[in-house]
Structure formats: structure tokens, C-alpha cells
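# A structural walkthrough
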Amino acid sequence: MKKIGLTIGLVAVVMLGTGCGLKDNLEENNKKYDVAQQSYDMNFAEATDKVIEQYSPETPVEKVAFDLPENDESSQISYIYHLVGEPTFVINAKNSEITEKTDKSSQANFTLADIKTLKDPQEEAKKIMAEQKSPFARILNWTLVKKNEKLVFDYEVKTFSGSKHIEIDAKE
């Protein structure tokens with residue numbers, strides 16, 4: 001009977017130790033894919049300045065996303081500007097490379113000049129992460145959109161049990 005108890009206790013200790021290591025590995029892996037915990041060569045304001053260099057500050061914008069571009073082999077997180085009547089403007093956040101996609105947006109919601117007055121989405125992402133209860137939570141991407149006449153950052157937060165969207169007022 002003592003041998004069974006000792007064996008169960010030993011198995012429990014090994015499982016706990018292994019579980020802690022697993023948790024550390026998961027947390028480290030989350031950091032790789034959490035946009036709130038990454039550093040980038042170009043921030044949102046700098047990326048917007050690059051777009052304004054190519055277009056007018058009054059250029060209408062449907063939305064801006066910070067995500068992996070669709071059908072892109074590089075799989076690098078990028079600022080994706082959906083400009084109305086213009087090619088979609090994509091700026092790689094890691095190496096600042098600029099590409100233009102042929103698709104064009106048709107619905108104007110705000111202008112490039114409007115973006116210059118907004119909060120820093122990276123700082124807002126850090127605040128969201130600080131409020132998460134799960135150590136496994138991470139922000140996959142964000143999108144700047146207009147909802148109910150207000151500009152909001154819509155963050156996609158992935159948790160251990162699923163995902164959710166958190167909207168933050170984008171105005172300072």
C-alpha cells in the first residue's frame with residue numbers, strides 16, 4: 001500500500017514539474033505570435049507617414065489592419081491600408097518593405113489625416129494584455145474601423161478556450 005501511495009506521489013510530482021515546463025514553453029510560444037509583445041521596425045504613425053508620402057493626407061480609407069496579408073508568402077505581420085479607389089497599401093512591420101495589392105476598397109470611413117490623431121495601437125494592445133486573466137492569451141491582430149461614427153481599434157484576442165474581439169476607442 002505504501003508503494004502505491006509513493007508511486008502516485010512520484011507521478012504527481014513529475015506531472016507537476018512537466019506541466020510547469022509546458023506552461024513556460026506555451027508562454028514563450030505565445031510571445032512569438034502576440035502582436036502586443038513584439039517590437040517592430042516601423043510603428044503605426046511611421047507607417048501612416050509612408051502612405052501619406054504616396055497619397056494625399058485626405059485620401060479616403062475604408063480600414064487599416066495589422067495582420068498577416070492574405071495570399072502573401074512572406075507571412076510577416078504588416079500594416080494593411082485599404083484605401084478607397086486605390087490599391088491596398090501593405091507595409092511590412094518587421095522590415096518596412098512596401099507592396100501594393102491590386103484590390104481596391106469602395107467604402108470611405110475616414111482619411112489618412114484622421115489616423116494621425118489616434119492612440120498608439122501597440123500601447124493599447126499592451127493594456128489589453130495586462131487585463132487578461134489567462135497567461136495563454138495573445139493578440140493575433142487588430143483592425144482600425146469606423147463603428148457608430150467612432151474610430152475603434154478591434155483587437156482579436158486568442159485565449160486558451162477560444163477567441164474574442166475587444167474594441168477600444170481609437171481617439172486620444
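Refer to the structure presented above.
Residues numbered from 1 in each chain as written. Predicted model: local features only at pLDDT ≥ 70, side-chain atom pairs only at ≥ 80, totals over all residues. Heavy atoms only, no water.

### As for the pairing of strand 6 (residues 138-147)
In the sheet, strand 1 (residues 60-67) pairs with strand 6 via three bridges, with the strands oriented antiparallel. Bridging from a neighbouring strand, Ala 65 pairs with Thr 143 of strand 6. As defined by bridge partners, strand 6 adjoins strand 7 (residues 150-159) across nine bridges and the pair is classed as antiparallel. Looking across to strand 7, one finds that Lys 147 is bridged to Lys 150. (Pairing = 2+ DSSP bridges. Helix = DSSP H or I, 4+ residues; strand = E, 2+ residues; numbered from the N terminus.)

### Some points on unusual backbone geometry
In the Ramachandran plot, Ser 96 falls in the positive-phi region, its phi being about 65 degrees despite a non-glycine side chain. Tracing the backbone shows Ser 96 in the loop between strand 3 (87-92) and strand 4 (98-104). Residue classification places Ser 96 among the partly exposed positions, given a relative accessible area of 25%. Backbone geometry places Asn 148, a non-glycine residue, at a positive phi of 50 degrees. If you trace the backbone, Asn 148 turns up in the loop between strand 6 and strand 7. (Buried < 20%, exposed > 50% of the residue type's maximum accessible area, 1.4 Å probe, protein only.)

### Comments concerning the pattern of salt bridges
In the structure shown here, the tally under the stated rule is five salt bridges. Across the pair Asp 49 and Lys 116 runs a salt bridge whose closest N-O atoms are separated by 2.5 Å. Separated by 67 residues along the polypeptide, Asp 49 in helix 2 (residues 44-54) and Lys 116 in the loop between helix 3 (112-115) and helix 4 (121-131) bring together distant segments of the chain. The partner of Glu 124 in a salt bridge is Lys 127, and the shortest N-O contact between them spans 3.2 Å. Highlighted residues: Glu 124 and Lys 127, both in helix 4, separated by three residues, approximately one helical turn. Glu 124 sits in the buried class, given a relative accessible area of 9%. (Salt bridge = Lys/Arg side-chain N within 4 Å of Asp/Glu carboxyl O.)

### Structural notes on helix 2
Residues of helix 2 that are buried include every one of Phe 44, Ala 47, Thr 48 and Val 51, and no others. All buried residues of helix 2 fall inside an arc of 100 degrees around its axis, so they share one side. The opening residue of helix 2 is Asn 43, an N-cap whose side-chain oxygen sits 3.1 Å from the backbone nitrogen of Ala 45. (Arc of directions from axis to C-beta. Polar contact = N/O pair within 3.5 Å; in protein donor to acceptor, adjacent residues only side chain to side chain.)

### Observations regarding helix 4
Residues of helix 4 that are buried include every one of Pro 121, Gln 122, Glu 124, Ala 125, Ile 128 and Met 129, and no others. Buried residues in helix 4, looked at end-on, bunch into an arc of 160 degrees, giving them a common side. Of the exposed residues in helix 4, those oriented more than 90 degrees away from the buried face are Lys 127, Ala 130 and Glu 131. In this fold, the buried residues of helix 4 make contact with helix 2, strand 6, strand 7 and strand 8 (162-169). Its side-chain oxygen placed 3.1 Å from the backbone nitrogen of Gln 122, Asp 120 serves as the N-cap of helix 4. (Contact = heavy atoms within 4.5 Å.)

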